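Residue-level structure breakdown
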Amino acid sequence: MASLDDLKKRISSVKSTQKITKAMKMVAAAKLRRAQESAEKGRPYSDKMNNIILNLSNGISDIDNAPKLLSGTGEDKVHLCVVMTSDRGLCGGFNTNIIKKAKLYFQKILDEGKTLKIITVGTKGYDQLKRLYGDNIIERISFKESKNINYFDADKVGKIVIEKFEKKEFDVCAIFYNQFKNVITQIPQEQQIIPLKTSEKNENSSEDNYEFEPEEDEILSNLLPKNISTQIFKAMLENSASEQGSRMSAMDNATRNAGEMVDKLTIEYNRSRQAAITKELIEIISGAESL
Amino acid sequence: MSEEYSVEIVNPEKSFLSKNDVTEVVVPGFEGEIGILKDHISIISFLKPGIIKIFSKSGEESFYVNDGIIEFKDNNLSILTSLILNLKDIDKEKISEIQKSAEEELNKSDINDQEKYLLDQKLEVLKSIN
């Protein structure tokens, strides 16, 4: 049995761990509110963007001459995957879930004999992927320094992707991120951004007759790169809300577990203290009797 | 009959401005300035760097935009832009900052004509503000 002193030390160490997890939970909760707000505020932009692109792509007459970003290169050999994770740990299954989803996809690609290229956004994703897929990672990006998620960071990632596309380094591009549903649930998502999937065509939008200035193709070729940045930005916003949510519930669990541990240790401490007292009493009494 | 329609300006971070009593909006379209009045035909266009002017009952407002797309439909004007600044409370330093980065960009050798054109436009507009 551990001595009284050891128990005391353990209790105090668990207690200070609990303090830290509690504080982290509070911080995550505050950040979560902000992240959620900005995710909601960012929605109109990406929704409108999507709508305009849908209208435009419906209006395009000549499919063969459509911009490559929309129709693809016509091949399906090289896949680029942008895996978006957090820069910090201690957020439960957040990163692991994205990686798991991504790995399934990677396996599928490799089994089909296609080439895989990976861009990691966030350091945690790189750490988890470098062992198995180290050779496939062509770029790693991290925004550790920027405090808030801003559009220009997303734009940077978007520009890298587009540059690589123009150099014909890949045919299909997919992004991986966590979609925020609520504090407990985040759903890992796989979204193809190049070529753009326009399967969800709105029936009501196809009837509109728009005037385009300049021509549809020209607007589209300007708009599509922006759309990629927008999609990445949206993914980043969703991701940050998910990260904070995930961290909050993870830290909540940790705080609760620490509480249970303190309770158990306290009982053990009290028991052994009582045992020591009883032992001393017996010693005194038997000592007195023998006189 | 009222001559008013509604306009909404969105940037990636948030909905920047929303008004429903505007009478005319002048936007820097890629092929020249476009003034939009009520019951304009549905139009999609994109913008070059320039000044958006919004005329409404409550007065006139001007904004600087870096780029953008506009969509006008059923008397609703949506403007999507990545960077927008209100000219009223504009910050001289910020302008110089954008100006400087544009100049740097212009000095790079690997830009195409369209980019060069846009950057020239940008610098011209920025100089006129400052």
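Owing to the predicted nature of the structure, the values given are computational and were not obtained by experimental measurement.

Calculation notes
Residues numbered from 1 in each chain as written. Chains lettered and ligands numbered in written order. Predicted model: local features only at pLDDT ≥ 70, side-chain atom pairs only at ≥ 80, totals over all residues. Pairing = 2+ DSSP bridges. Helix = DSSP H or I, 4+ residues; strand = E, 2+ residues; numbered from the N terminus. Axes fitted to C-alpha atoms, helices over the stretch in contact; angles between N-to-C directions. Buried ≥ 20, exposed ≤ 12 C-beta atoms within 10 Å, placed from the backbone. Contact = placed C-beta atoms within 7 Å. Domains from an automatic or database assignment. Nonpolar A, V, L, I, M, F, W, Y, C, P; charged D, E, K, R; others polar.

As for the sheet that holds strand S5 (residues 186–194) of chain A
Residue and element names in this part refer to chain A. Read from one edge of the open sheet, 5 strands run S3-S2-S1-S4-S5, paired in mixed fashion. Each of the sheet's edge strands pairs with one partner strand only, and the pair in question is strand S3 (137–141) and S5. The sheet shows a mean angle of 20° between the axes of neighbouring strands, taken without regard to direction. Here 5 bridges tie strand S1 (residues 78–84) to strand S4 (residues 172–180), and the two strands are oriented parallel to one another.

Observations regarding unusual backbone geometry
Residues and elements named next belong to chain A. Between Ile194 and the following residue, Pro195, the backbone shows a cis peptide bond with an omega angle of -10°. In this fold, Pro195 is placed in the loop between S5 and strand S6 (211–213). At Leu90, a residue that is not glycine, the phi angle is positive and equals roughly 50°. As for its placement among the helices and strands, Leu90 is situated in the loop between S1 and helix H3 (94–111). A residue is classified by how many C-beta atoms lie within 10 Å of it, and Leu90, with 15 of them, is partly exposed. The phi torsion at Lys168 lies on the positive side, around 60°, for a residue other than glycine. Mapping Lys168 onto the fold places it in the loop between helix H5 (151–166) and S4. A residue is classified by how many C-beta atoms lie within 10 Å of it, and Lys168, with 11 of them, is exposed.

Considerations on the environment of Ile84 of chain B
Residues and elements named next belong to chain B. Take Ile84: it is sitting in strand S9 (residues 84–86). When the C-alpha positions of Ile84 and Lys14 are compared, they lie 11 Å apart, and in sequence the two are 70 residues distant. Look past the residues within four positions of Ile84 in its chain and what remains in contact with it is Ile9, Asn11, Phe16, Phe63 and Val65.

Structural notes on the domain arrangement of chain B
Residue and element names in this part refer to chain B. Once the domains are mapped, chain B shows domain 1 (5–86) and domain 2 (92–129). Counting from both sides, the interface comprises 5 residues of domain 1 and, opposite them, 5 residues of domain 2. Its residues assigned to classes, the side of domain 1 that touches domain 2 comprises 3 nonpolar, 1 polar and 1 charged.

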